[in-house]
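Per-entry structural report
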Amino acid sequence: MKCLITGGAGFIGSHLAEALLKKGHSVTIIDNLSTGRLENIEHLKGKDNFTYYIDTIMNKTLMTELVEKCDIVYHLAAAVGVKYIIDHPLESILTNVGGTEIVLSLAHEYGNKKVLLASTSEVYGKDRPGKRIFHEEDDRVLGPTSIVRWSYSCTKAIDEFLSIAYFKEKNLPVIIVRFFNTCGEKQTGRYGMVVPRFAKQAIAGEPITIYGDGKQTRCFTDVSDSVRAVMMLAEEPTAVGEVFNIGNPHNKVTINALAKKIKKMTGSKSAIRHISYEKAYEKGFEDMRHREPDISKLQKFTDFEPAVTIDEMLAKVAKDIKRKK
Ligand code: UDP
């Protein structure tokens, strides 16, 4: 199969590229390196069946050529990371919505190619009292438009609406996946993601900075599990036109416990500090207290079972960050 991965030099995209190549597919990636990095694909360069383009998905001429030549598009290119979105509000909206429109319209125009759209658990918005587990059909609860964080949720929701509209009106075979806190080797903390940030701080002996009271919980999923789920869905004909959570409900942890785990695992002497959300992000910032994926739908459509425990995942991340030091 000829696979096109937009955002293929990004964290998840580069792992997906490697896994698809291993399965014997040919892989072309396009990435503008806004959050992706060339070093993520260094080991793939020169491999048979691997081609890369450093360009934006807004380059419609190039995208036309790439979409025309492929059998399936894994559309991962997007502005991601809470911090990145807050720092680049305009670019985030324009790329996330405009870029997806280009991908979907070309996929339709050039033979109704299958599109797998990467979305996010941010789509659900805030958690609500007594509700921690999110199912694909749940309502979305968002804050005001003055808080930039919510624009990310809205742009990805528009991407989902667009994909579903193309599926319903044009028969475009689309599959939508919502990633829940994916982590692993090659992830950078530069755009806000907590695990590489804590690991880097711990290894450098700097204070580990927890935002808020640290009692908020997340379920962290190793990228190898997320990529496996994506590939299973792409091969499952009945998944077309559907939305799926991808996550690991077994790896639930408070951010306080996460900090302690990382500190212990790296043998760090770092202090653990709490700082306010306002100081960390922006005035009026609201965090989700709890977020857990319901993956029963994914497991109904595929044989997916998450395999990597939180400790195994953290050990891999710490090793990766130490190696780069
Ligand atoms: N967080 C933290 N310190 C950091 C980065 C993040 O305490 O340096 C917290 C953040 O406020 C959130 C959780 O860790 O409660 C997960 O943050 P991340 O940005 O990784 O993912 P999110 O679940 O917010 O999308």
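The structure this text deals with has already been given above.
The structure contained in this document is the topic of the report that follows. (Residues numbered from 1 in each chain as written. Predicted model: local features only at pLDDT ≥ 70, side-chain atom pairs only at ≥ 80, totals over all residues. Heavy atoms only, no water.)

**Quick look at the overall build of the protein chain**
Test applied: Starting at the N terminus, helices and strands are each numbered in turn, a helix being any DSSP run of H or I of at least four residues and a strand any DSSP run of E of at least two. To get the radius of gyration, use the C-alpha atoms; to get the globule rule, take the number of residues to the power 0.38 and multiply by 2.2 Å. Burial classification: accessible surface area is computed with a 1.4 Å probe over protein chains only, and a residue below 20% of its type maximum counts as buried, one above 50% as exposed, and the rest as partly exposed. Throughout, a contact is declared for two residues whenever any of their heavy atoms are within 4.5 Å. Accessible areas in this description were obtained via Shrake-Rupley with a 1.4 Å probe; residue shielding takes into account the shown protein chains only. As used throughout, the charge tally considers Lys and Arg to be positive and Asp and Glu to be negative, leaving His and the chain termini uncounted. To locate a charge, take NZ of a lysine, CZ of an arginine, CG of an aspartate or CD of a glutamate.
What the protein chain contains, in helices and strands, is 11 helices and 15 strands. Computed over the C-alpha atoms, the radius of gyration of the protein chain is 19 Å, within 12% of the 20 Å expected from 2.2 N^0.38 for a compact globule of 325 residues. The dimensions of the protein chain, computed from C-alpha atoms along their principal axes, are 55 × 45 × 40 Å. Buried residues in the protein chain amount to 56% of all 325 residues. When contacts within the protein chain are restricted to residue pairs at least 6 apart in sequence, those whose partners lie at least 24 apart make up 80%. Within the structure as shown, the protein chain displays about 14,000 Å² of accessible surface, and the carbon and sulfur contribution to it stands at 54%. Separation of charge centres in the protein chain, based on 47 positive and 41 negative side chains, amounts to 7 Å.

**Some words on the side chain of Ser121**
To be explicit about the condition: Nitrogen and oxygen atoms within 3.5 Å of one another constitute a polar contact, given that in protein one can donate a hydrogen and the other can accept it, and given that sequence-neighbouring residues count only through two side-chain atoms.
Along the chain, the position of Ser121 falls in the loop between β5 (114-120) and β6 (133-134). Since its relative accessible area comes to 2%, Ser121 is described here as buried. Among the polar contacts listed, one links the side chain of Ser121 to the side chain of Arg291, at a separation of 3.3 Å. Once residues lying within four places of it in the same chain are set aside, the contact partners of Ser121 are Arg178, Phe179, Phe180 and Arg291.

**Looking at the packing of helix α6 (residues 194-204) against helix α11 (residues 310-324)**
Two packed helices can be described by the angle between their axes and the distance between those axes. Quick note on the threshold: Working convention: axes come from line fits to C-alpha atoms, limited for helices to the stretch in contact. Angles between N-to-C directions cover 0 to 180 degrees. Our angle categories are set so that under 35 degrees counts as roughly parallel, over 145 as roughly antiparallel, 65 to 115 as roughly perpendicular, and the remainder as oblique. For a crossing to be left-handed, the near helix must be turned anticlockwise from the far one by less than a right angle; the clockwise case is right-handed. Three classes are used, and their members are as follows: Ala, Val, Leu, Ile, Met, Phe, Trp, Tyr, Cys and Pro are nonpolar, Asp, Glu, Lys and Arg are charged, and the others, Gly among them, are polar.
It is at 10 Å that the axes of α6 and α11 come closest, and there the two elements cross at 55°. As summarised for this structure, α6 and α11 are arranged oblique, according to the angle between their axes. Crossing angle aside, the handedness with which α6 passes α11 is right-handed. On α11, the residues touching Val195, Pro196, Ala199, Lys200 and Ile203 of α6 are Met313, Leu314, Val317, Ala318, Ile321 and Lys322. Residue classes in the contact of α6 with α11 are distributed as 9 nonpolar, no polar and 2 charged.

**Notes on the site of the ligand**
Formally: Think of it this way: one heavy atom of a residue within 4 Å of a molecule or strand is enough to make that residue near it.
Neighbouring the ligand are 18 residues, the closest being Arg197, Tyr211, Arg218, Asp287 and Arg291. Separating a nitrogen atom of the ligand from a backbone N or O atom of Thr209 is a distance of 2.9 Å. Side-chain polar atom of Asp287 to an oxygen atom of the ligand: 2.5 Å apart, as the coordinates give it. Within the complex, the protein chains bury 94% of what would otherwise be the 510 Å² of accessible surface of the ligand.

**Focus on the nonpolar core**
Inclusion rule: Nine residue types can take part in a nonpolar core, namely buried Ala, Val, Leu, Ile, Met, Phe, Trp, Tyr and Cys, and a core is a set of them joined through side-chain atoms within 4.5 Å.
Core analysis: the largest hydrophobic core is formed by 36 residues, its most contacted members being Leu16 and Tyr74. Counting residues per element, this core draws most heavily on helix α7 (residues 223-234), which supplies 7 residues. Once residues lying within four places of it in the same chain are set aside, the contact partners of Tyr74 are Cys3, Leu4, Ile5, Thr6, Leu16, Leu20, Leu116, Val230 and Ala234.

**A short note on the pattern of salt bridges**
Note the cut-off: For salt bridges, the criterion is a side-chain nitrogen of Lys or Arg within 4 Å of an Asp or Glu carboxyl oxygen.
Tallied over the full model, the rule gives 21 salt bridges. Here Arg218 and Asp287 are joined by a salt bridge, their closest N and O atoms 3.0 Å apart. One end of the pair, Arg218, is in strand β10 (residues 217-219); the other, Asp287, is in the loop between α9 (277-280) and β15 (290-293), and 69 residues separate them in sequence. By relative accessible area, Arg218 is classed as buried at 6%. For Asp287, a relative accessible area of 21% translates into the label partly exposed. Taken together, the shared-partner salt bridges connect Glu122, Arg149, Arg218, Asp287 and Arg291 into one network.

**As for the side chain of Asn96**
Note that Asn96 resides in helix α4 (residues 89-109). Among the polar contacts made by the side chain of Asn96, one reaches the side chain of Thr155 at a distance of 3.2 Å. Ignoring any residue separated from it by four or fewer positions in sequence, one finds Asn96 in contact with Ala78, Ala79, Tyr152, Thr155, Lys156 and Asp159.

**Re the packing of aromatic side chains**
Aromatic rings considered in pairs are described by the distance between their centres and by the relative angle of their planes. To keep things clear, this is the line we draw: Pairing of aromatic side chains here covers Phe, Tyr and the six-membered ring of Trp, requires ring centres within 6.5 Å, and sorts the geometry by plane angle: under 30 degrees stacked, over 60 edge-to-face, intermediate tilted. The criterion for a charge sitting over a ring is simple: Lys NZ or Arg CZ within 6 Å of the ring centre, and within 35 degrees of the ring normal.
Counted under the stated rule, the structure contains 8 aromatic pairs. Considering the side-chain rings of Phe244 and Phe301, the 5.0 Å spacing of their centres and the 80° angle between planes classify their relative orientation as edge-to-face. Here the residue Phe244 occupies a position in strand β12 (residues 243-246), and Phe301 occupies one in helix α10 (residues 296-301), the gap between them amounting to 57 residues. Both residues of the pair, Phe244 and Phe301, count as buried. Members of the aromatic cluster, each reached through a chain of ring pairs, are Tyr211, Tyr277, Tyr281 and Phe285. Lying over the aromatic face of Phe134, Lys131 brings its terminal NZ or CZ to 5.6 Å of the ring centre. Against the face of Phe244 rests Lys297, its NZ or CZ located 5.0 Å from the ring centre.

**Digging into the environment of Asp213**
Looking at where Asp213 falls in the secondary structure, it is placed in the loop between β9 (208-211) and β10. Overall, the relative accessible area of 35% leaves Asp213 in the partly exposed class. Between the C-alpha atoms of Asp213 and Ser276, which are 63 residues apart in sequence, the distance is 8.2 Å. For Asp213, the contacting residues outside a window of four places in its chain are Asn256, His274 and Arg289. Within the structure, the side chain of Asp213 is placed 2.9 Å from the side chain of Arg289, a separation counted as a polar contact.

Nothing here speaks to function; it is all geometry.
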